[in-house]
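Survey of secondary and tertiary structure
So you can see what is in the structure, the chains are spelled out below.
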Amino acid sequence: QKLSKHVDQFTVAVDQVQRALEPILKQPLSEVLPKLSTIQRCELEALVAYSIDTLFWIYLKINGVPPKEHPVMKELQRIQRYIAKINAAKATVSTDGNGNGRTLQLDRDAADRFIKGALGSSSKR
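Described in the following lines is the structure provided in the data block. None of the values given here were measured: they were computed from a predicted structure.

Across its full length, the protein chain holds five helices and zero strands. Reading the protein chain from its N terminus to its C terminus gives the helix and strand order α-α-α-α-α. A total of 125 residues make up the protein chain; the buried ones form 10% of that total. Across the protein chain, contacts joining residues at least 24 apart in sequence account for 33% of those joining residues at least 6 apart. Per element, the accessible surface of the protein chain, about 10,600 Å² overall, is 58% carbon and sulfur.

Mapped onto the secondary structure, Gln 27 falls in the loop between helix H1 (2–25) and helix H2 (29–32). Beyond its immediate stretch of four places on either side in the chain, Gln 27 contacts Val 32 and Lys 35.

What follows deals with helix H4 (residues 71–92). When the terminal C-alpha atoms of H4 are compared, their 32 Å separation across 22 residues agrees well with the 32 Å that a helix rising 1.5 Å per residue should span. Every buried residue of H4 is listed here: Val 72, Leu 76, Ile 79 and Ile 86. One side of H4 holds all its buried residues, which, seen down the axis, span an arc of 75 degrees. Among the exposed residues of H4, those pointing more than 90 degrees away from its buried face are Pro 71, Lys 74, Arg 81, Lys 85, Ala 91 and Thr 92. On its buried face, H4 sits against helix H3 (38–62).

About the thresholds
- Residues numbered from 1 in each chain as written.
- Predicted model: local features only at pLDDT ≥ 70, side-chain atom pairs only at ≥ 80, totals over all residues.
- Heavy atoms only, no water.
- Helix = DSSP H or I, 4+ residues; strand = E, 2+ residues; numbered from the N terminus.
- Buried < 20%, exposed > 50% of the residue type's maximum accessible area, 1.4 Å probe, protein only.
- Contact = heavy atoms within 4.5 Å.
- Areas by Shrake-Rupley, 256 points an atom, 1.4 Å probe, with all protein chains shown as cover.
- Expected span 1.5 Å × (residues − 1).
- Arc of directions from axis to C-beta.

Bear in mind that shape data such as this cannot, by itself, settle questions of function.
Below you can see the structure in the form of C-alpha cells.
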C-alpha cells in the first residue's frame, strides 16, 4: 500500500520533469545553442550536466551504492560552483531595461586619442 503510493508519486514527478524538459528535448542541442545568448548557453549546458549527474546519483542510490563516496558527488559540486559563477556573471551584466544584456561598444574617438597619444609620446623619447 505504502510502496504503491510512493511509486505513484514518483510517476507523477517523472511526468512533471518530462513536461518541463520537453521544449529543450524537441530539438538537438546543436540547433538550440546558437539561438541563445552566451549566458543562456552557459545556463543550459550547466543544467544538462547537472541533470545527467543527478540522474546518475539517483541510479547509484537506487542500486545501493553510496553516492557520497562516488566521484559523481565531486562532479555535482563542481557543476554547482559553475552555476554559482554563472549566477554571479548574470548579476553583473548590465541590462537595457528589456532584460537584454548590453554589449560593449568601442568609442572610436577615445581609442584614436589613446593611440595618437601613445605614438606621440613614443616619438618624443
